[in-house]
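Secondary and tertiary structure notes
Here's the letter readout for the chains.
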Amino acid sequence: MGKTIAVTNQKGGVGKTTTAVNVAAGIAKLGYKVLLIDTDPQGNATSGVGVDKRSVKYSAYSIIVDDIKAKDAILHTEFENLDVIPSSIELAAAELELADMEHREARLKSTLATVKSEYDYIFIDCPPSLGLITTNALCAADTILVPIQPEYYALEGLSQLIATVRLVKRKYNPYLEIEGVLLTMYDGRLNLTQQVVQEVKKFFPKKVFSSVIPRGVRLSEAPSFGMPVMYFDKSCKGSLAYMELSREIVEKNK
């Protein structure tokens, strides 16, 4: 039975999609069968694994709103052991359409239940908001992975995310836990970075990954080639960091 991990942070620009794509690809590269679900209307995780979002027949919107079966929306990527359910721009309006539906918060969970046993890991790339799509992801997930950029505003909004997680736990998904907090765009030379890291560790005791993701040109370039970084440049810093994180997650879940 696959473990479902939602990659979420309502603050934009923290490396959420980069993390979803590269952790999914990294764990798949280690020999595990992985499904990546792109629930962000921008569709960056979809193009990040080489899929043209304009040409897809079914998407995450189809399975959440239109009752299309999850298996019909799954596409095989050209990367080892990695499948994807792509995004579409229609997701931007999905919140309004879901508002009047029954069990609106559990629609993703119920459709994923039909394919969960076929994967070792399922990663959901969430939109940068705490609306109904993210609520669906949190209801479907076993754990959440929270990327944080170590900067002045990093902890702002985290309390809002934790409040949402608590609400989802209380009302819909009592088993939801935090997989871990990931420091992205990390520069250990800066005093501010060290201060934020200390604060994050206080806020999330024993939940901060020992792997950190540095800034890197190759990491920024990889999505424009439709490739996870370990396929784009396997020896760059970003690639080594995401492979280290992938091993850390697998080890933790053994």
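Residues numbered from 1 in each chain as written. Predicted model: local features only at pLDDT ≥ 70, side-chain atom pairs only at ≥ 80, totals over all residues. Heavy atoms only, no water.

Regarding the overall build of the protein
Helix and strand counts for the protein stand at twelve helices and eight strands. Computed over its C-alpha atoms, the radius of gyration of the protein comes to 17 Å, within 12% of the 18 Å expected for a compact globule of 254 residues. Over its C-alpha atoms, taken along the principal directions, the protein stretches across nearly 50 × 40 × 35 Å. Burial analysis of the protein (254 residues in total) assigns 54% to the buried set. Partitioning the contacts of the protein with sequence separation of at least 6, the portion at a separation of at least 24 is 79%. (Helix = DSSP H or I, 4+ residues; strand = E, 2+ residues; numbered from the N terminus. Rg over C-alpha atoms; globule rule 2.2 N^0.38 Å. Buried < 20%, exposed > 50% of the residue type's maximum accessible area, 1.4 Å probe, protein only. Contact = heavy atoms within 4.5 Å.)

What to know about the packing of aromatic side chains
Under the defined criterion, the tally for this structure stands at five aromatic pairs. Ring centres 5.9 Å apart and planes at 85 degrees place the aromatic pair Y32 and Y121 in the edge-to-face group. Here the residue Y32 occupies a position in the loop between α1 (16-29) and β2 (34-38), and Y121 occupies one in strand β5 (residues 121-125), the gap between them amounting to 89 residues. Of the residues examined, Y32 reaches a relative accessible area of 25% and is grouped as partly exposed. For Y121, a relative accessible area of 5% translates into the label buried. Following the ring pairs from residue to residue traces out a cluster consisting of Y32, Y121 and F123. Here the guanidinium or amino end of K29 rests over the ring plane of Y231, the centre of that ring lying 4.6 Å away. (Phe/Tyr/Trp six-rings, centres within 6.5 Å; stacked < 30°, edge-to-face > 60°. Lys NZ or Arg CZ within 6 Å of the ring centre and 35° of its normal.)

A short note on the pairing of strand β1 (residues 3-7)
Across a regular strand the side chains alternate sides, sitting on one face of the sheet and then on the other. The element β1 is extensively covered by neighbouring structure, given that five of its five residues are classed as buried. Burial along β1 is two-sided: the face carrying K3, I5 and V7 and the face carrying T4 and A6 are both buried. Sheet topology note: the β1/β5 ladder contains five bridges and is parallel. Residue pairing in the sheet places T4 in a bridge with I122 of β5. (Pairing = 2+ DSSP bridges.)

Section: the packing of α1 against helix α12 (residues 237-252)
Axis separation between α1 and α12 bottoms out at 8 Å; the angle between their running directions is 70 degrees. With respect to α12, the axis of α1 lies roughly perpendicular. Between α1 and α12 lies a crossing of right-handed hand. Taken together, the residues of α12 that come into contact with α1 (itself represented by T18, T19, N22, V23, G26, I27 and K29) are Y242, M243, L245, S246, I249 and V250. A class-by-class count of the residues in the contact of α1 with α12 yields seven nonpolar, five polar and one charged. (Axes fitted to C-alpha atoms, helices over the stretch in contact; angles between N-to-C directions. Parallel < 35°, antiparallel > 145°, perpendicular 65-115°, else oblique. Left-handed = near helix turned anticlockwise from the far one by under 90°. Nonpolar A, V, L, I, M, F, W, Y, C, P; charged D, E, K, R; others polar.)

Focus: the sheet that holds β1
Strand order in the open sheet formed by eight strands is β3-β4-β2-β5-β1-β6-β7-β8, and the pairing between neighbours is mixed. At either end of the open sheet lies a strand with only one pairing partner, and these are β3 (75-76) and β8 (208-214). Bridge analysis of strand β7 (residues 177-186) against β8 gives three bridges, and the strand direction is parallel. By the bridge assignment for β8, V181 is matched with V208. Lying over the sheet, α1 contacts β1, β2, β4 (82-85), β5, β6 (143-148) and β7, oriented at roughly 165 degrees with respect to β5.

So, the pattern of salt bridges
Counting across every chain of the model gives 15 salt bridges. Across the salt bridge formed by K16 and D125, the nearest N and O atoms sit 3.1 Å from each other. One end of the pair, K16, is in helix α1; the other, D125, is in strand β5, with 109 residues separating them in the sequence. Taking relative accessible area as the criterion, K16 reaches 8% and is therefore assigned buried. Judged by its relative accessible area of 0%, D125 falls in the buried class. Of the charged contacts, one joins D233 and R218 as a salt bridge, the two residues approaching to 3.0 Å between their closest N and O atoms. Of this pair, D233 sits in the loop between α11 (229-232) and α12 while R218 sits in helix α10 (residues 217-221), placing them 15 residues apart in sequence. Overall, the relative accessible area of 18% leaves D233 in the buried class. (Salt bridge = Lys/Arg side-chain N within 4 Å of Asp/Glu carboxyl O.)

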